There are 2 protein chains.
Amino acid sequence: MSKNITLAFDVYGTLIDTNGVLVLLEQLIADKAKSFSQTWREKQLEYSFRRAAMVNYVTFATCTLYALEYTCKYYNVSLSKEQKDELMSICKVLPAFDEVKEALTELKKDGFRIFAFSNGEKATLEKLLDNANIKDLFLGIVSVDDIKTFKPTPGAYAHFLRQADVKGEEAWLISSNSFDVTGSISAGMKSAWVQRSSDMIFDPWEIKPTLVVNSLLDFTKKIRD
Amino acid sequence: MSKNITLAFDVYGTLIDTNGVLVLLEQLIADKAKSFSQTWREKQLEYSFRRAAMVNYVTFATCTLYALEYTCKYYNVSLSKEQKDELMSICKVLPAFDEVKEALTELKKDGFRIFAFSNGEKATLEKLLDNANIKDLFLGIVSVDDIKTFKPTPGAYAHFLRQADVKGEEAWLISSNSFDVTGSISAGMKSAWVQRSSDMIFDPWEIKPTLVVNSLLDFTKKIRD
């Protein structure tokens, strides 16, 4: 049964902990670090949503850099080019969440078809997942950069389905990002929302996750049932 | 000369002061009101961006209501249905910024073709502009609800150009919202950004406004030159 099921794992925020930039940010700007990090992440995503809506593509890395520049202005923080470069570099070597390797290993053993599916560029994703020591667990890495748009445009999910050679009904998108869950369900897939802490809010829209889990190990357990 | 120029004024945040909800919010939730109002507005826009990207339309009023529900959860604020209804009702009767009537009156006298152009539904916009006592200054009100999408999708601006029967090069979009300026320029129009206070940040993208002004009266002065 599980051999017919394809699992698309979102990368940033789902497999990879984007809070990994906090350590350097705390050195650079002390007590502003946490809210700076949050604004940076929110702005990065907002820029990707708007670029998708505008049909005006730049890479996800460019969205990230522009969002960093916005956030510096917003908090009136002055960073040198070297410091910005260092922050951008750290984004390429962020760690995986603790339970990721064990969960993916179990799913692979069970015969699920496992993919990484992200806004990031393919070469960046390969290095990131390799550095986090989980790259070999995937059957493939699918990047929306191939088609020059971003999640949650329906084309992004259609691209994944074509790349993974699977139908929407047999494919799950697993993500901590609410927008990715509503986007994939709206585009015809099933989707699990990973709510790692109780203060994470699912968008109160008319679209609900197929499954809510509190970790990837919890997902592993529930998808087997 | 000016008779050939069409001016599309964004409504929420440009003509109409969305901070008008603050008075009631302060009564309801005291010191949380300002950040609550800001999150509500940001989430409302994020939801519209994502709906446009997802090609999954609901009205702007629905985006506003879902964003209100999100914001209540985010700040752990419990509002009754009546209180939410009252907040939503206030959004329909927000005031215009102080200088709007004078600026539009001068532009109209000069022969500019003046339109309101918004994400809101047409009936809502008509009541809003009527209540703010500026409705009669417009040659027309154009709503993207006609085509079931939101700014900044290129189709939104193309819809405006068709409705106003004008080419992009002869049409200006005037907006306090950075996303509307980058969106309209990317879609072939000219655009003025209204930076009402120095802490407003223009998105540090590769797209720059045709003109930056600090009020609509400042725009009136500069467009005449």
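Computed from a predicted model, the values in this text were never measured in an experiment.

Attention now goes to the overall build of chain A. Scanning chain A from terminus to terminus reveals nine helices and six strands. Its C-alpha atoms give chain A a radius of gyration of 17 Å, within 12% of the compact-globule value 17 Å for 225 residues. Across the 225 residues that make up chain A, the buried fraction comes to 58%. Across chain A, every contact between residues at least 6 apart in sequence was considered, and the portion connecting residues at least 24 apart equals 63%. Distance from the positive charge centre (28 side chains) to the negative charge centre (30 side chains) of chain A: 3 Å.

Once chain A is rotated about the relating axis by 180° and shifted along it by 0.0 Å, it coincides with chain B to within an RMSD of 0.0 Å. Taken together, the rotation and translation relating the two chain copies correspond to the operation of a two-fold axis. Proximity to the rotation axis, assessed at the C-alpha, singles out Ala53(A) in chain A; its C-alpha lies 2.2 Å from the axis. Same-surface contact between copies: 100% of interface residues of chain A are shared with the interface of chain B.

To continue, consider the interface of chain A and chain B. Counting residues at the interface gives 32 residues for chain A and 32 residues for chain B. Across the interface of chain A and chain B, roughly 2,900 Å² is buried in total on both sides, 61% from carbon and sulfur atoms. If you sort the residues of chain A by the area they bury against chain B, Arg50(A), Met54(A) and Trp205(A) come out on top, with a joint share of 24%. Taken together, chain A and chain B are joined by four salt bridges. For the salt bridge of Glu206(A) with Arg51(B), the shortest nitrogen-to-oxygen distance reads 2.9 Å. Residue assignment for the side of chain A that touches chain B shows that the elements contributing at least two residues are helix 2 (33-54), helix 3 (60-74) and helix 8 (178-186) of chain A. With ten residues, the top contributor of residues to the side of chain A that touches chain B is helix 2 of chain A. Its residues assigned to classes, the side of chain A that touches chain B shows 17 nonpolar, seven polar and eight charged.

Residue and element names in this part refer to chain B. Strand order across the open sheet formed by six strands is 3-2-1-4-5-6, with parallel pairing between neighbours. The strands lining the two open edges of the sheet, one partner per strand, are strand 3 (140-143) and strand 6 (211-213). If you compare each strand with its neighbour and ignore which way they point, the axes differ by 25° on average. Summarising the sheet, strand 1 (residues 6-9) and strand 4 (residues 171-175) pair through four bridges and their orientation is parallel. Residue pairing across strands places Leu7 opposite Trp172, the latter belonging to strand 4. Helix 7 (residues 154-164) contacts strand 1, strand 2 (113-118), strand 3 and strand 4 of the sheet and is inclined by roughly 145° relative to strand 2. Against the sheet, helix 9 (residues 216-224) engages strand 1, strand 4, strand 5 (190-194) and strand 6, with an angle of about 135° to strand 6.

The figure often quoted for interface size is the accessible area lost as the parts come together. Residues and elements named next belong to chain A. Splitting chain A by domain gives domain 1 (2-17 + 94-224) and domain 2 (18-93). Placing the centre of domain 1 and that of domain 2 at their C-alpha centroids yields a distance of 23 Å. Of the residues lining the interface, 19 residues belong to domain 1; the matching set on domain 2 comes to 20 residues. Regarding the contact of domain 1 and domain 2, the summed buried area is about 1,600 Å², with carbon and sulfur atoms giving 66% of it. Linking domain 1 with domain 2 are zero salt bridges. Between domain 1 and domain 2 we count eight residue pairs in polar contact (both at pLDDT 80 or more) in total. Its residues assigned to classes, the side of domain 1 that touches domain 2 shows eight nonpolar, six polar and five charged.

Below, the discussion takes up the packing of aromatic side chains. Under the defined criterion, the tally for this structure stands at 28 aromatic pairs over all chains. Ring geometry for Phe117(A) and Tyr157(A): centres 5.8 Å apart, planes at 75°, overall edge-to-face. Of this pair, Phe117(A) sits in strand 2 (residues 113-118) while Tyr157(A) sits in helix 7 (residues 154-164); the two residues are 40 residues apart in sequence, bridging distant segments of the chain. Tyr157(A) carries the same exposure label as Phe117(A), and that label is buried. An angle of 35° between the planes, with centres 5.8 Å apart, marks the rings of Phe36(B) and Tyr75(B) as tilted.

With that out of the way, let us pick up the pairing of strand 1 (residues 6-9) of chain A. Residues and elements named next belong to chain A. In strand 1, alternate side chains face the same way, and those of Thr6 and Ala8 on one face and Leu7 and Phe9 on the other are all buried. Two strands pair when backbone bridges link them, and strand 1 and strand 2 are joined in this way by four bridges, in the parallel orientation. Of the residues in strand 2, the one forming a bridge with Ala8 is Phe115.

Our focus in this paragraph is the nonpolar core. Phe9(A), Leu15(A), Phe219(A), Phe9(B), Leu15(B), Phe160(B) and Phe219(B) are the most contacted members of the largest nonpolar core, which has 158 residues in total. If near-sequence neighbours (up to four positions away) are discounted, Leu15(A) is found in contact with Phe9(A), Asp10(A), Pro95(A), Ala96(A), Phe97(A), Val100(A), Leu104(A), Leu129(A), Ile134(A), Phe138(A) and Leu216(A).

Further remarks concern the environment of Lys101(B). Residue and element names in this part refer to chain B. Counting through the fold element by element, Lys101 comes out in helix 5 (residues 100-109). The spacing of Lys101 and Ser215 is 114 residues in sequence and 12 Å in space, taken between C-alpha atoms. When sequence neighbours within four positions are dropped, the list of residues in contact with Lys101 reads Asn133, Ile134 and Leu137.

Cut-offs applied
- Residues numbered from 1 in each chain as written.
- Chains lettered and ligands numbered in written order.
- Predicted model: local features only at pLDDT ≥ 70, side-chain atom pairs only at ≥ 80, totals over all residues.
- Heavy atoms only, no water.
- Helix = DSSP H or I, 4+ residues; strand = E, 2+ residues; numbered from the N terminus.
- Rg over C-alpha atoms; globule rule 2.2 N^0.38 Å.
- Buried < 20%, exposed > 50% of the residue type's maximum accessible area, 1.4 Å probe, protein only.
- Contact = heavy atoms within 4.5 Å.
- Lys, Arg positive; Asp, Glu negative; His and termini not counted.
- Charge placed at Lys NZ, Arg CZ, Asp CG, Glu CD.
- Least-squares fit on C-alpha atoms with pLDDT ≥ 70 in both.
- Buried area = accessible area lost by both parts, 1.4 Å probe.
- Salt bridge = Lys/Arg side-chain N within 4 Å of Asp/Glu carboxyl O.
- Nonpolar A, V, L, I, M, F, W, Y, C, P; charged D, E, K, R; others polar.
- Pairing = 2+ DSSP bridges.
- Axes fitted to C-alpha atoms, helices over the stretch in contact; angles between N-to-C directions.
- Domains from an automatic or database assignment.
- Polar contact = N/O pair within 3.5 Å; in protein donor to acceptor, adjacent residues only side chain to side chain.
- Phe/Tyr/Trp six-rings, centres within 6.5 Å; stacked < 30°, edge-to-face > 60°.
- Core = buried A, V, L, I, M, F, W, Y, C linked by side-chain atoms within 4.5 Å.

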